[in-house]
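Analysis of the macromolecular model
Residue strings, one per chain:
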Amino acid sequence: MLVAAQKPAYVLYNKKGKQVKYNNLVKDMSKNDVVLFGELHDNPIAHWLQLETLKEVANKADVILGGEFFEADVQVVIDEYMAGLIPMAHLEREARVWPNFSTDYRPLLSFAQENNVPFVATNIPRRYAGFAAKHGKDSLEKFSEQAKGYMVPLPFTYDEELKSYKQMKDMAAHAHGMKHMVDAQAVKDATMAHRIMKHREEGKVFFHINGAYHSDYYEGIYWFLNQENPEMSILTITTVEAENPEKLEEEVFEKADYIIAVPKTMTSTH
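A few points on the structure. (Residues numbered from 1 in each chain as written. Predicted model: local features only at pLDDT ≥ 70, side-chain atom pairs only at ≥ 80, totals over all residues. Heavy atoms only, no water.)

**Let's talk about the overall build of the chain**
Summing up its helical and strand segments, the chain has 10 helices and 7 strands in all. Relative to its length of 270 residues, the chain is compact, with a C-alpha radius of gyration of 19 Å against a globular reference of 18 Å. A principal-axis box enclosing the C-alpha atoms of the chain has dimensions of 70 × 45 × 40 Å. Across the 270 residues in the chain, those meeting the buried criterion constitute 51%. (Helix = DSSP H or I, 4+ residues; strand = E, 2+ residues; numbered from the N terminus. Rg over C-alpha atoms; globule rule 2.2 N^0.38 Å. Buried < 20%, exposed > 50% of the residue type's maximum accessible area, 1.4 Å probe, protein only.)

Next up, the structure:
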């Protein structure tokens, strides 16, 4: 009788494409100022690793948790939940949670609340990002001062030659009504970086959850953080799908400090 080889749910690599141990990842996460954990939003392995590494990092260092999956204008609702003033059900009704919140993000928030880990909503409200996509980033000046409090201080600039923005610009050229798609992406990245900087504390690890595209190749959020404080230590993690996770393609080398390779056939959470 033939016994099939075990199939790993994920394989962990460093940026050079060398397989590394999980403990190396946790150790590095614990000693950086900011961790940008890049996920594929519907990948269960990435979400599971986020929770497991958060637990272990919180055992080694003081942590602040932040995430793209909540927008800045619902911070008050999150604060009320974290203080035990409202139940999770109220938060889910009022905080515009993502479709996969209950399986993928609620465990993170519950852990934070139970262990007194602060949580920061970092994303710009989608209505403003949508407006920027149609009218350009300078159009955001039309909004009220209260509204501007939920986004990066205006005006802001970004490097249009960054790989991720150039790729998006090419996509936008073929997308009807999305002429300024790159501006929308940049204002998201800039706002998340701004809110990380605003709420981070010396001696604590700011553990941030975001789509991998927002920090891959040390761009996006990473670029804005580095512009603000080049001396700050930032660790990046990305998640990639692979036909064979045990043989990483060279094209994804250097995407991040750590690369989580998961099977392309992995079940999606939504």
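So, next bit.
**Brief notes about the layout of surface pockets**
For the largest pocket, the calculated volume is near 210 Å³. Val152, Phe156, Thr157, Ala190, Ala193, His194, Met197, Trp223, Phe224, Gln227 and Glu228 are the residues that line the largest pocket. The set of elements that each furnish at least two residues to the lining of the largest pocket consists of helix 9 (181-199) and helix 10 (221-228). Within the lining of the largest pocket, the residues separate by chemical class into 7 nonpolar, 3 polar and 1 charged. Counted as a void, the second largest pocket has a volume near 180 Å³. Along its surface, the second largest pocket is lined by Val240, Glu241, Ala242, Glu243, Asn244, Lys247, Leu248, Glu249, Glu251, Val252 and Lys264. Class assignment of the residues belonging to the lining of the second largest pocket gives a composition of 4 nonpolar, 1 polar and 6 charged. (1 Å grid on protein atoms, 1.4 Å probe; cavity = no way out; pocket = protein on both sides within 12 Å on 5 of 7 lines; lining within 4 Å. Points joined across faces, edges and corners; volume = space filled by probe spheres on them. Nonpolar A, V, L, I, M, F, W, Y, C, P; charged D, E, K, R; others polar.)

**Focus on the side chain of Asp257**
Structurally, the position occupied by Asp257 is in the loop between strand 6 (234-242) and strand 7 (258-263). It turns out Asp257 is buried and unbridged, and the closest side chain with the opposite charge, Lys15, is 4.3 Å from it. A polar contact is formed between the side chain of Asp257 and the side chain of Tyr218, at a distance of 2.8 Å. In this structure the side chain of Asp257 is engaged in a polar contact, spanning 2.9 Å, whose partner is the backbone nitrogen of Thr236. Leaving out residues up to four positions away in the same chain, Asp257 has contacts with Tyr13, Asn14, Lys15, Tyr218, Ile234, Leu235 and Thr236. (Lys, Arg positive; Asp, Glu negative; His and termini not counted. Salt bridge = Lys/Arg side-chain N within 4 Å of Asp/Glu carboxyl O. Polar contact = N/O pair within 3.5 Å; in protein donor to acceptor, adjacent residues only side chain to side chain. Contact = heavy atoms within 4.5 Å.)

**Topic: the packing of aromatic side chains**
Inspection of the entire model under this criterion finds 15 aromatic pairs. Between the aromatic rings of Tyr10 and Trp48, the centroid separation amounts to 6.3 Å while the plane-to-plane angle is 65°, which identifies the pairing as edge-to-face. In this pair, Tyr10 is assigned in the segment before strand 1 (11-14) and Trp48 in helix 2 (residues 44-60), connecting sequence segments 38 residues apart. Under the relative-accessibility criterion, Trp48 is labelled partly exposed at 43%. Between Trp223 and Phe224, the aromatic rings sit 4.9 Å apart at their centres with planes inclined by 90°, giving edge-to-face as the arrangement. Overall, the relative accessible area of 11% leaves Phe224 in the buried class. (Phe/Tyr/Trp six-rings, centres within 6.5 Å; stacked < 30°, edge-to-face > 60°.)

**Notes on the pattern of salt bridges**
A full pass over the atoms with the stated rule returns 17 salt bridges. When the shortest N-O distance is used, the salt bridge between Glu254 and Lys16 registers 3.1 Å. Here Glu254, found in the loop between strand 6 and strand 7, pairs with Lys16, found in the loop between strand 1 and helix 1 (22-30); they are 238 residues apart in sequence, far enough to count as distant. Residue class for Lys16 comes out exposed when judged on its relative accessible area of 56%. Where salt bridges share partners, they join Glu71, Asp73, Arg96, Arg126 and Arg127 into one cluster.

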